[in-house]
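# Structural features, examined
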Amino acid sequence: MSDKGRRLKKIGLVLAGGGGRGAYHIGVWRALRETGLEEYITSVAGSSVGGLNAALFVQKDLDKAQDIWKSISMKTILTPRFKGEHSRPALFERDGLGRIIDEGLDMRCFDNGGYNCWMACVRVDGPDNKEEEVQYIDFEGRKAVRKYVCGRTEYFNLKHVQGDDTRKKILLATSAMPLVFPKEDIDGHHYEDGGTKDNIPLRPLYEIDKCDVIFAVHLANTDNPIDRKRYPNATIFEIFPKGNLGGLIDVDGIFDFTAEGAAKRIGQGYDDCYDLFRRMAEIIRSGHEGHIVRTDAYMK
């Protein structure tokens, strides 16, 4: 990584939730890779499918991530759950996604990599936390943030979560859509999809990692823009799909876990982002990072 780029700017990447539309993120990643901007990313965060893709991003194996998405199927993700077999209601099992995590993600990437990798999850039991809370662990003789808590929304940092089983539960929890998939038990509490409270989780990148520049990747061009007043010290580039990726209940949208749909969205993500990322990478490599003006910026 360029010392100049890392010293002057901390750059975060946020990936939104959106089910099968998440293949779009892989195209965005490919554009980051080909323009060279990927090497300047210092932190990642995601909700729901965005969390799963953020974890794959930390692993740095773009080809494997593309293969996972292009080989995915409706049957793998949406396996019916039969009544009477489980205590908590849900329509579908998590076995398929569990296998994808087991076979496609080497948990050592969180230990060995330099990224903080934040997963947004929503705690559904226990009292509300009225104040923000930062939970630390001892890491190599210093304090490191394991979790950042904002009310019922809790942001787990997979880099500093101890135990691969717990990391897997967090990955399942962040994508546990209410009533669709079962909640996950973590640390004695029940958690569900982070996207129900914070579908574009900038907060840990801004509040904990102090990112100067944040690329926020939406999965719907109808999403509301981020409230920039909440993040006055960061330059935020919002990336909205230039075409329709499908809706919340469309068979070709949030529940489209098909190879054909994935390939189309990967291509669209790449096309939508390449020019922006190329310009940003050129600015950083030239040493003129001051040209990344601290102002509202979004693509739509």
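## Focus on the overall build of the protein chain
For the protein chain, the count of helices and strands is 10 helices and 11 strands. Counting over 300 residues, the protein chain shows a buried share of 57%.

## Some points on the environment of Lys70
By the secondary structure assignment, Lys70 is in helix H4 (residues 62–70). When the C-alpha atoms of Lys70 and Lys264 are compared, they prove to be 9.9 Å apart, with 194 residues separating the residues in sequence. If near-sequence neighbours (up to four positions away) are discounted, Lys70 is found in contact with Ala259, Ala263 and Ile266.

## Quick look at the packing of aromatic side chains
According to the stated counting rule, one finds 8 aromatic pairs in the structure shown. Ring geometry for Trp29 against Phe57: centres 5.3 Å apart, planes inclined by 55 degrees, an arrangement best described as tilted. Here Phe57 lies in helix H3 (residues 49–59) and Trp29 lies in helix H2 (residues 23–35), a separation of 28 residues in the sequence. Judged on exposure class, the residue Trp29 and its partner Phe57 are both buried.

## Thoughts on the side chain of Lys147
Relative to the elements of secondary structure, Lys147 occurs in strand S5 (residues 142–150). Residue class for Lys147 comes out buried when judged on its relative accessible area of 5%. Side-chain polar atoms of Lys147 contact the side chain of Glu154, separated by 2.9 Å. Ignoring any residue separated from it by four or fewer positions in sequence, one finds Lys147 in contact with Glu133, Val134, Gln135, Glu154, Tyr155, Phe156, Asp187 and Tyr191.

## With respect to the environment of Gly104
Note that Gly104 resides in helix H6 (residues 95–104). On the accessibility criterion, Gly104 (7% relative accessible area) is buried. Sequence-distant contacts of Gly104, defined by excluding residues within four places in its chain, comprise Leu56, Gln59, Lys64, Ile68 and Arg99.

## Focus: unusual backbone geometry
Phi is positive for Ser48, which is not a glycine, with a value near 55 degrees. Tracing the backbone shows Ser48 in the loop between strand S2 (41–47) and H3.

## Side note on the nonpolar core
Formed by 71 residues in total, the largest nonpolar core has its most connected members in Phe215 and Phe277. Broken down by element, this core gets its largest block of residues, 10 residues, from helix H10 (residues 259–286). Aside from chain neighbours lying at most four places away, what touches Phe277 is Val28, Ala31, Leu32, Thr35, Leu37, Phe215 and Ile239. Formed by 20 residues, the second largest nonpolar core is a distinct cluster that contains Ala45, Val145, Cys150 and Ile200.

## Side note on the confidence of the model for the protein chain
Residues of the protein chain with pLDDT of at least 70 account for 88%, and the chain-wide mean is 88. Across the protein chain, the element-wise mean pLDDT spans from 45 in helix H1 (residues 3–8) up to 98 in H2. Note on residues 1–7: pLDDT under 50 across the span, and 12 contacts to partners over four residues away in sequence or across chains.

## What to know about the pairing of strand S6 (residues 153–157)
Across the 5 residues that make up S6, a large majority, 5, are buried. Because side chains alternate across S6, one face comprises the buried residues Thr153, Tyr155 and Asn157, and the other comprises Glu154 and Phe156, equally buried. Bridge analysis of S5 against S6 gives 4 bridges, and the strand direction is antiparallel. What sits directly across from Lys147, in S6, is Phe156. Hairpin connection of S5 to S6: 2 residues between the antiparallel strands, including Gly151 at a positive phi of 65 degrees.

## Details of the side chain of Thr35
Note that Thr35 resides in helix H2. We classify Thr35 as buried; its relative accessible area is 8%. Reaching out from Thr35, the side chain makes a polar contact with the backbone nitrogen of Leu37 at a distance of 3.5 Å. With sequence-adjacent residues up to four places away left out, Thr35 is seen in contact with Tyr274, Phe277, Arg278, Ala281 and Arg285.

Cut-off values and rules
Residues numbered from 1 in each chain as written. Predicted model: local features only at pLDDT ≥ 70, side-chain atom pairs only at ≥ 80, totals over all residues. Heavy atoms only, no water. Helix = DSSP H or I, 4+ residues; strand = E, 2+ residues; numbered from the N terminus. Buried < 20%, exposed > 50% of the residue type's maximum accessible area, 1.4 Å probe, protein only. Contact = heavy atoms within 4.5 Å. Phe/Tyr/Trp six-rings, centres within 6.5 Å; stacked < 30°, edge-to-face > 60°. Polar contact = N/O pair within 3.5 Å; in protein donor to acceptor, adjacent residues only side chain to side chain. Core = buried A, V, L, I, M, F, W, Y, C linked by side-chain atoms within 4.5 Å. pLDDT = per-residue confidence, 0-100. Pairing = 2+ DSSP bridges.

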